[in-house]
Amino acid sequence: MQISERHPNQAGIIQFYHQPVHSMYQKLQSNLCHNIHHDSIMKGTNVSFESCKDQYFTLDSSPATTDLTGCETDSPSYASGLSSNRSPFSPQVSHSCYSDNHHSSDNTYGSPNSGYSSVDDGNEWKNKLRELEISLLEPNESDAADSYDNCVHGGLTTASPTIEYDWDQIVQMIPKLDLRDVLLRCAQAVSDDDVATAIGWMDNVLGKMVSVYGEPFQRLGAYLLEGLRARLESSGSMIYKSLKCEQPTSKELMSYMHILYQICPFWKFAYVSANAVITEAMANESMIHIIDFQITQGTQWLLLIQALAHRPGGPPSIRITGVDDSQSIHARGGGLEIVGQRLSDFARSCGVPFEFHIAAMCGSQVEGTNIVIREGEALAVNFPYVLHHMQDESVSTENHRDRLLRLVKSLSPKVVTLVEQESNTNTSSFLNRFVEIMDYYTAMFESIDAACPRDDRKRLNAEQHCVARDIVNMVACEGVERVERHELLGKWRMRFSMAGFRQCPLSPYVMGAVRNMLKEFNGNYRVEQRDGAIYLGWMRRAMVTSSAWC
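Residues numbered from 1 in each chain as written. Predicted model: local features only at pLDDT ≥ 70, side-chain atom pairs only at ≥ 80, totals over all residues. Heavy atoms only, no water.

The subject of this paragraph is the overall build of the protein chain. When helices and strands are tallied, the protein chain shows 17 helices and 13 strands. Out of the 550 residues belonging to the protein chain, those deemed buried represent 63%. Accessible area for the protein chain stands at about 20200 Å²; split by element, carbon and sulfur atoms hold 49% of it. (Helix = DSSP H or I, 4+ residues; strand = E, 2+ residues; numbered from the N terminus. Buried < 20%, exposed > 50% of the residue type's maximum accessible area, 1.4 Å probe, protein only. Areas by Shrake-Rupley, 256 points an atom, 1.4 Å probe, with all protein chains shown as cover.)

With nine of nine residues buried, strand β13 (residues 541–549) lies mostly within the body of the structure. Note that strand β10 (residues 503–504) and β13 share two bridges and pair antiparallel. Paired with Cys 504 across the strands is Ala 548, a residue of β13. Where strand β12 (residues 533–538) and β13 come together, five bridges link them in antiparallel fashion. From the neighbouring strand, Leu 536 faces β13, where its bridge partner is Val 544. (Pairing = 2+ DSSP bridges.)

Note that Leu 460 resides in helix α15 (residues 457–476). Among the residues examined, Leu 460 registers a relative accessible area of 1% and is labelled buried. For the pair formed by Leu 460 and Val 212, sequence separation is 248 residues and the distance between their alpha carbons is 7.3 Å. Once you skip the residues sitting within four places of it in the chain, Leu 460 turns out to touch Val 212, Tyr 213 and Tyr 223. (Contact = heavy atoms within 4.5 Å.)

Let's shift gears to unusual backbone geometry. Residue Tyr 385 is not a glycine yet carries a positive backbone phi of 55°. Tracing the backbone through its elements, the reader meets Tyr 385 in the loop between β8 (378–384) and α13 (400–410). With a relative accessible area of 1%, Tyr 385 lands in the buried category. In the Ramachandran plot, Ser 412 falls in the positive-phi region, its phi being about 55° despite a non-glycine side chain. Locating Ser 412 in the fold gives a position in the loop between α13 and β9 (415–421). Ser 412 sits in the exposed class, given a relative accessible area of 58%.

So, about helix α4 (residues 179–191). With 13 residues, α4 extends 18 Å from end C-alpha to end C-alpha; this agrees with the ideal 18 Å at 1.5 Å per step. Buried residues dominate α4, accounting for 12 of its 13 residues. Buried within α4 are the following residues: Leu 179, Arg 180, Asp 181, Val 182, Leu 183, Leu 184, Arg 185, Cys 186, Ala 187, Gln 188, Ala 189 and Val 190. Where α4 begins, the capping side chain belongs to Asp 178, and its oxygen is found 3.1 Å from the backbone nitrogen of Arg 180. A positive backbone phi angle near 60° is found at Asp 193, which sits one or two residues after α4. (Expected span 1.5 Å × (residues − 1). Polar contact = N/O pair within 3.5 Å; in protein donor to acceptor, adjacent residues only side chain to side chain.)

Moving on, we come to the pattern of salt bridges. The full count for this structure, using the stated rule, is 23 salt bridges. With its nearest N and O atoms 3.0 Å apart, the salt bridge here joins Glu 355 to Arg 374. One end of the pair, Glu 355, is in strand β7 (residues 354–360); the other, Arg 374, is in the loop between β7 and β8, with 19 residues separating them in the sequence. Measuring nitrogen to oxygen at the nearest pair gives 2.6 Å for the salt bridge that ties Glu 463 to Arg 459. Of this pair, Glu 463 and Arg 459 both sit in helix α15, four residues apart, which is roughly one turn of that helix. The exposure classification of Glu 463 matches that of Arg 459, with both residues buried. The network of salt bridges with shared partners includes Asp 392, Glu 393, Arg 401, Asp 402, Glu 487 and Arg 495. (Salt bridge = Lys/Arg side-chain N within 4 Å of Asp/Glu carboxyl O.)

A word on the environment of Ala 187. By the secondary structure assignment, Ala 187 is in helix α4. Residue Ala 187 is classed as buried on the basis of its relative accessible area of 0%. Sequence separation between Ala 187 and Gly 227 is 40 residues; the distance between their C-alpha atoms is 10.0 Å. In this structure Ala 187 touches Leu 228, Phe 430, Leu 431 and Phe 434, once residues within four positions along its chain are discounted.

What follows covers the environment of Leu 411. Note that Leu 411 resides in the loop between α13 and β9. Taking relative accessible area as the criterion, Leu 411 reaches 17% and is therefore assigned buried.

A few words now on the nonpolar core. Ranked by size, the top nonpolar core spans 111 residues in total, and within it Phe 266, Phe 434 and Tyr 441 carry the most contacts. By size, the runner-up hydrophobic cluster in this structure holds 25 residues, among which are Leu 387, Leu 404, Leu 405 and Phe 501. (Core = buried A, V, L, I, M, F, W, Y, C linked by side-chain atoms within 4.5 Å.)

Written out as structure tokens, the structure is:
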């Protein structure tokens, strides 16, 4: 190994030669909390495709429908660590978050149908809440129901009047209740600071309707309930400090991430689409520099190195700068040196000249002095599910989201690849955000359910450690503590344009590469090219987009 000169304000620059290959898949640090005292458990655009109370923060299942055998009955809480842990994946141009939840005739899993969000969608579920309210109130409480109706239609931010519920009667009605409606009613109470009503719904009703072992929406409901409990008790870091938590080992995190990598196409979609764009853009370049703002295990670049190794006329020299923060060290079992060793070893086996540079910091901390630019190199920059973690103008005056784009533009890249969730959870109000999370992750859990048996313990662990913590973070946290802040492609287009970029149309070659990758997965995944980007969706719900900029 050779270590080049280090400058005080620069990232480490290391050139690797013959070193062993290490673990393949990365999962960012996630906390597993074990405060279990109750018997309760349990991010868009729709397109047509081809101090905490211990009794809260529980996810233990009690429904009689649980069919999991040989598994523990206790499930962890996810309130802890959500403000700092980041997903390996997560100002709106759309002005609404209420997604159409009608089901198409071919939608066997119930993902939201094609259509645009509108005020009518919001009124629809408000009316459902009104009907639910009336059905659950005692006859002598009709005046209170009328008062509630006026409150809901008068504005979502107005606190609803105190209403007395007969919880015993409501519990008897649970088999007839719709889980989505009850979650919305509870979220409304939390939004209105109606603590008594919110706790009533959580402790008496929702805890008996949701399960981490149940159907997709029951599982999602478990984590939504967890987020509502955490939000009701407090917000931000105060929640997490009061909990007893432990983290999965590095090996466990790798295993959980690998499961989702195999059963969901979202990560492979990011790798394949970005690699195809870069391969085309660098077709005639002899020296290539790639800056990856979330390099994780570097798995994406194994595929690119292999492809460029067989390029007519011989392979180019490749230099990769990996940006990564210290939280990834736990998941990876070590620093970025591990990634460099692995990639260097693989490049050598393919006969490709290779260098790896380290920028051991989170993306929001990157400055121009941390990036080494060499004359004659063609630059590509990769943003895989990472920009939504950057604070924007709604969180901080520093606005790292836009600052980073301007910095990258100043480096004169030949191409920039962007892959992000097609969801709107950044600046929307809590209740609107809750509805968006519910719609987006309904499709996510349905897609997982279609690929993995419901009683698979590995699937359960993967959901809890790789998906649930993001959900709870978006529901429970605000301000700097809420790190999962997704935006729609239209908003990203505005940000890139303001930074001086123009969108590059994606070629049939890129679309073909994505289609070939998708053959490995369930037929209910859909891919569509429009607006200069590629949309990957489940059923009729857009989930992620891939686009290129220059």
